[in-house]
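The chain contents come next:
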Amino acid sequence: AKNVGILAMEIYFPPTCVQQEALEVHDGASKGKYTIGLGQDCMAFCTEVEDVISMSLTAVTSLLEKYKIDPEQIGRLEVGSETVIDKSKSIKTFLMQIFEKYGNTDIEGVDSTNACYGGTAALLNCVNWVESNSWDGRYGLVVCTDSAVYAEGPARPTGGAAAIAMLIGPDAPIAFESKFRGSHMSHVYDFYKPNLASEYPVVDGKLSQTCYLMALDTCYKYLCHKYEKSEGKQFSLSDVDYIVFHSPYNKLVQKSFARLVFNDFTRNASSVDDITKEKLGPFSTLTGDESYQSRDLEKVSQQVSKALYEAKVQPTTLIPKQVGNMYTASLYAAFASLLHNKNSELAGKRVILFSYGSGLTSTMFSLRLHEGQHPFSLSNIATVMNVAGKLKSRHEFPPEKFVETMKLMEHRYGAKDFVTSKDCSLLSPGTYYLTEVDSMYRRFYAKK
Ligand code: ACO
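Residues numbered from 1 in each chain as written. Predicted model: local features only at pLDDT ≥ 70, side-chain atom pairs only at ≥ 80, totals over all residues.

Per an unreviewed UniProt entry, the protein goes by the name Hydroxymethylglutaryl-CoA synthase and belongs to Hibiscus trionum. The record held by UniProt for the protein lists under Sequence similarities (unreviewed entry) the comment "Belongs to the thiolase-like superfamily. HMG-CoA synthase family." As its UniProt record puts it under Catalytic activity (unreviewed entry), the protein is described as follows: "acetoacetyl-CoA + acetyl-CoA + H2O = (3S)-3-hydroxy-3-methylglutaryl-CoA + CoA + H(+)". (UniProt positions renumbered as here; feature names shortened; annotations may be inferred.)

Structure below.
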């Protein structure tokens, strides 16, 4: 199979959200800390009627309907998630309800988990399957879904929630350049979830930021090497039209792009202009460790990369800024933002994606975009996702109501024998919602 990649996409995020500006006031944070300091505008969250299973059911059903895909045509289904509802039964098995109805149970794949990276593991599995001898000619389907919630404190404003479904096959408008990939995997305790009774992670915020940037550097270096070995010419940011980052919060994305410019500078890549060379000159003698600690380097590299950031990164930032960190879905929501903002100008463009999951696992990979043919065209994907419409029809909760919801969700996590309010008045038609968890912890859902 040739040009294997993403044929179609659908995104779902809860319609319930809280404004970061209001949250700043409520939390007693200084004005601008969440909006400018973290770079976030708004945060989506699940209420008691939604979870990763309901969001996935919604995203998959909607994708199949809107692109008119026969459920029998799916041969592999992989889910990436770090939101644990059951330590054994995969989210994938819940989604089988959709396919069993049509008599299709011949579907490989289960869930992949490692923090925010599981979705990328699922995606690479599906792409590799279509490219392999085991491929039976049917589509792969990838679902990335998480509900990101933090305990009260500085990490709480970096939550979010979403599900993204992606159809995988040959001759894709979003095709993998499978040779150009770099990974970095290592053992670190930067963010982890050792307390199985709580949905909240244990997080070392500062360490997680440094780990993210170190992983970025290493993946970029490997990707550059592989490109240079295969193509016989230097690789730099000038070979890339757009760069999409896993987005825990927008400030880290700004720092990450600046870091890549610094990488090009230290690799002496041709793309770096004279002013950048001059401004970054004083930092060329820093050791790797020193460079992660240097606030001056952070500031100056962000300054010199500002215009390039506006061109190559800004169009990818909309959904992550509006919805928050969606963990496994975050990178693909950033990519969906690019399709939403630039769909008519993307044919022929190269896009680099950086996926990071704490713990840690990370991969940088390259996509080549083509307009494609209806229904698998860039413009149709943008139309189906209807990002503007979904953002506009949301319901803002005051911070007090958000905190109240978090408290209720803490009680519901791991609980049995309850019925939900079944209040789906805020959900749009076609959305799945949780109705009951019985005395055997079995979960039941309905569709609005
Ligand atoms: N106006 C403007 N900016 C402000 C203001 C203000 N009033 N107050 C603070 N800031 C800035 C700070 O200067 C800082 O920006 P800088 O790094 O550019 O200097 C930023 O706001 C954050 O403030 P801090 O005090 O540095 O950080 P804080 O203790 O609030 O925690 C953190 C931020 C670490 C990101 C926390 O939210 C967290 O732990 N989040 C979860 C972990 C995470 O997302 N890690 C990323 C990779 S791992 C993953 O994806 C889960």
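After that view, the rundown keeps rolling.
(A) How the structure looks around unusual backbone geometry. Here the residue pair glycine 359 and leucine 360 is connected by a cis peptide bond, since its omega of 5° sits within 30 degrees of zero. Within the secondary structure layout, leucine 360 lies in the loop between strand 12 (350-357) and strand 13 (361-369). Proline 375 follows histidine 374 through a cis peptide bond whose omega is 5°. Tracing the backbone shows proline 375 in the loop between strand 14 (372-373) and strand 15 (376-377). One non-glycine residue with positive phi stands out, namely asparagine 3, at about 50°. Here asparagine 3 is to be found in the segment before strand 1 (5-12). (Helix = DSSP H or I, 4+ residues; strand = E, 2+ residues; numbered from the N terminus.)

(B) How the structure looks around the UniProt feature "domain: Hydroxymethylglutaryl-coenzyme A synthase N-terminal" (unreviewed entry) in the protein. What UniProt calls "domain: Hydroxymethylglutaryl-coenzyme A synthase N-terminal" (unreviewed entry) maps, in this numbering, to residues 1-173. This span, residues 1-173, is 30% helix and 25% strand, and a straight line between its end C-alpha atoms measures 14 Å.

(C) How the structure looks around the environment of serine 54. For serine 54, the position within the fold is in helix 3 (residues 52-66). Counting along the chain gives 333 residues from serine 54 to valine 387, while the straight-line C-alpha distance between them is 19 Å. Residues contacting serine 54, with those up to four places away along its chain left out, are Tyr432, Tyr433, Leu434 and Tyr445. (Contact = placed C-beta atoms within 7 Å.)

(D) Examining helix 4 (residues 91-100) more closely. Three or more residues of helix 4 are buried, namely Ile91, Lys92, Phe94 and Leu95. In an axial view of helix 4, the angular spread of the buried residues amounts to 160°, which keeps them on one side of the axis. Exposed residues lying more than 90 degrees from the buried face of helix 4 are Gln97 and Glu100. Of the surrounding secondary structure, the elements contacted by the buried residues of helix 4 are helix 3, strand 4 (74-80), strand 5 (111-112) and strand 6 (139-148). (Buried ≥ 20, exposed ≤ 12 C-beta atoms within 10 Å, placed from the backbone. Arc of directions from axis to C-beta.)

(E) Quick look at the site of the ligand. Taken together, 22 residues lie near the ligand, and Ser30, Gly32, Gly37, Gly205 and Pro248 sit nearest. Those elements giving two or more residues to the shell around the ligand turn out to be helix 2 (33-37), helix 6 (205-231) and helix 7 (250-266). Top element by residues in the shell around the ligand is helix 6. It accounts for four residues. (Near = placed C-beta within 6 Å.)

(F) Region of interest: the nonpolar core. Ala162, Ile164, Ile168 and Ala333 are the most contacted members of the largest nonpolar core, which totals 134 residues. Top contributing element to this core by residue count: helix 6, with nine residues. (Core = buried A, V, L, I, M, F, W, Y, C linked by C-beta atoms within 7 Å.)

(G) Examining the sheet that holds strand 3 (residues 42-44) more closely. Pairing in this open sheet of three strands is mixed, and the strands run 3-2-16 from one edge to the other. Looking along the sheet, the strands with just one partner apiece sit at the ends: strand 3 and strand 16 (395-396). As paired elements, strand 2 (residues 16-19) and strand 3 share three bridges and run antiparallel to each other. Across the sheet, valine 18 pairs through a bridge with methionine 43, a residue of strand 3. Its contacts with the sheet put helix 1 (residues 20-27) on strand 2 and strand 3, and the angle it makes with strand 2 is roughly 65°. (Pairing = 2+ DSSP bridges. Axes fitted to C-alpha atoms, helices over the stretch in contact; angles between N-to-C directions.)

(H) Quick peek at the packing of helix 13 (residues 330-342) against helix 14 (residues 378-385). Close contact between helix 13 and helix 14 brings their axes to 9 Å; oriented N to C, the two are set at 110°. In terms of their interaxial angle, helix 13 and helix 14 are classed as roughly perpendicular. Counting all contacts with helix 13, which are made through Ala336, Leu339 and His340, the residues of helix 14 involved are Leu378, Ile381, Ala382 and Met385. (Parallel < 35°, antiparallel > 145°, perpendicular 65-115°, else oblique.)

(I) Just the sheet that holds strand 7 (residues 160-169), in detail. Taken in spatial order, the nine strands of this open sheet run 5-4-6-7-1-8-13-12-11, and their pairing is mixed. The sheet is open, and its two borders are formed by strand 5 and strand 11 (242-245), each paired with just one other strand. In this structure, strand 4 lies alongside strand 6, joined through six bridges in parallel fashion. Its bridge partner being in strand 6, isoleucine 74 is matched across the sheet by tyrosine 139. Its contacts with the sheet put helix 5 (residues 118-131) on strand 1, strand 4, strand 5, strand 6, strand 7, strand 8 (174-185), strand 12 and strand 13, and the angle it makes with strand 4 is roughly 160°.

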